[in-house]
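Descriptive structure summary
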Amino acid sequence: MTRAQKEQNNLVKEKPLTSVMEDYLEAIFDLKKEKNFVRVKDIAKRMKVKMPTVSSMLKNLDKKRLVKYRKYEFVELTKTGAEIGKEIRRRHEILLKFLTKILNINPKTANEEACKMEHTLSSSTLDSLTDFIEFIDICPRAGESWLQYFWEFHVHGRKSETCLQHCRDFSCEFNNKIH
């Protein structure tokens with residue numbers, strides 16, 4: 001590790017990033033992918049804040065060497081800033097998929113909730129959640145019918161006869177697939 005990289009890591013470790021700082025890095029990462037360049041006014045619009053607020057945050061992120069910011073110029077993420085922005089975006093997408101596809105939460109609410117959750121879940125919890133989503137997509141016992149059964153349970157509560165019928169249905173479906 002070079003001296004500059006060590007200094008950069010120390011700056012990030014000195015004062016941990018706040019969820020707001022992470023949101024800015026995610027927004028800059030997204031804007032860079034969309035537009036190829038990022039301006040203060042683009043960030044302000046995305047974050048729904050005033051331009052002086054963005055400038056102040058960019059100065060803080062610049063001190064931490066997560067962005068390259070000079071007044072009246074485009075904003076650039078450093079390598080570390082881009083890695084953090086990309087990771088926050090990945091977390092957001094996993095949580096959004098879980099909330100909308102699995103729990104059937106309305107997309108607007110799910111997006112707001114994912115934004116709150118992306119900053120607090122540990123990497124191991126997020127990895128388990130990712131595995132769970134993949135499992136539901138590929139496991140023969142899971143899939144669409146399994147989710148439908150979950151929603152019946154969620155809406156109507158536990159009914160033994162319904163669960164038994166679903167088990168019979170699954171058994172028939174599974175036997176038909178392997179024969």
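Refer to the structure above for everything that follows.
Every chain begins its residue count from 1, and numbering advances along the sequence as written. For a predicted model such as this one, the threshold for reporting local features is a pLDDT of at least 70, and the threshold for listing and counting side-chain atom pairs is 80 or more; totals across whole chains, interfaces and linings nevertheless cover every residue. Side-chain numbers come from the whole structure's heavy atoms, not from hydrogens or water.

All right, on to the packing of helix H3 (residues 40-47) against helix H4 (residues 51-63) then. Interaxial distance between H3 and H4 falls to 9 Å at its minimum, and their mutual angle equals 105°. What the angle tells us is that H3 and H4 run roughly perpendicular. The residues of H4 that touch H3, namely those facing Val40, Lys41, Ile43 and Ala44, are Met51, Val54, Ser55 and Leu58. Residues that form the contact of H3 with H4 fall into these classes: 6 nonpolar, 1 polar and 1 charged. Orientation is described by axes fitted as lines to C-alpha atoms, over the contacting stretch for helices, and by angles from 0 to 180 degrees between their N-to-C directions. A run of H or I in DSSP becomes a helix once it reaches four residues, and a run of E becomes a strand once it reaches two; helices and strands are each numbered from the N terminus. Each angle receives one of four descriptions, namely roughly parallel if under 35 degrees, roughly antiparallel if over 145, roughly perpendicular if within 65 to 115, and oblique otherwise. Note on contacts: a residue pair qualifies if any of its non-hydrogen atoms lie within 4.5 Å across the two residues. In this count, Pro and Cys sit with the nonpolar residues alongside Ala, Val, Leu, Ile, Met, Phe, Trp and Tyr, while Asp, Glu, Lys and Arg are called charged and the others, Gly among them, polar.

With that settled, consider helix H2 (residues 19-35). Given a helix with a known number of residues, its expected span is that number minus one, times 1.5 Å. In a regular helix each residue adds 1.5 Å, so 17 residues correspond to 24 Å; H2 covers 24 Å between its end C-alpha atoms and thus fits that length. For every residue, the accessible area obtained with a 1.4 Å probe (protein chains only) is divided by the maximum for its type, and the residue is called buried under 20%, exposed over 50%, and partly exposed between those limits. Along H2, the residues classified as buried are Met21, Glu22, Asp23, Tyr24, Leu25, Glu26, Ala27, Ile28, Phe29, Asp30 and Leu31. Among the structural elements, H3, H4, strand E1 (67-68), strand E2 (76-77), helix H5 (79-102) and helix H6 (107-117) are those in contact with the buried residues of H2. Looking one or two places after H2, you find Asn36, whose phi comes out positive at around 75°.

Turning our eyes to something else, we now look at the pattern of salt bridges. In what follows, salt bridge is the name for a side-chain nitrogen of Lys or Arg lying within 4 Å of a carboxyl oxygen of Asp or Glu. In this structure the tally under the stated criterion is 12 salt bridges. In this structure, Arg89 and Glu93 form a salt bridge, with 2.5 Å as the shortest nitrogen-oxygen distance. Highlighted residues: Arg89 and Glu93, both in helix H5, separated by 4 residues, approximately one helical turn. Taking the relative accessible area as the measure of exposure, Glu93 reaches 39% and is therefore partly exposed.

Two measures describe an aromatic ring pair: the distance that separates the ring centres and the angle between the ring planes. Two aromatic rings, drawn from Phe, Tyr or Trp (for Trp, its six-membered ring), form a pair once their centres lie within 6.5 Å of each other, and the interplanar angle then sorts them: stacked below 30 degrees, edge-to-face above 60, tilted otherwise. Summed over all chains, the structure comprises 1 aromatic pair. Between Phe37 and Phe74, the ring centres sit 5.1 Å apart and the planes meet at 45°, which makes this aromatic pair tilted. Pair noted here: Phe37 is in the loop between H2 and H3 and Phe74 is in the loop between E1 and E2, with a separation of 37 residues, a long-range link. For Phe37, a relative accessible area of 31% translates into the label partly exposed. Assessed through its relative accessible area of 47%, Phe74 is described here as partly exposed.

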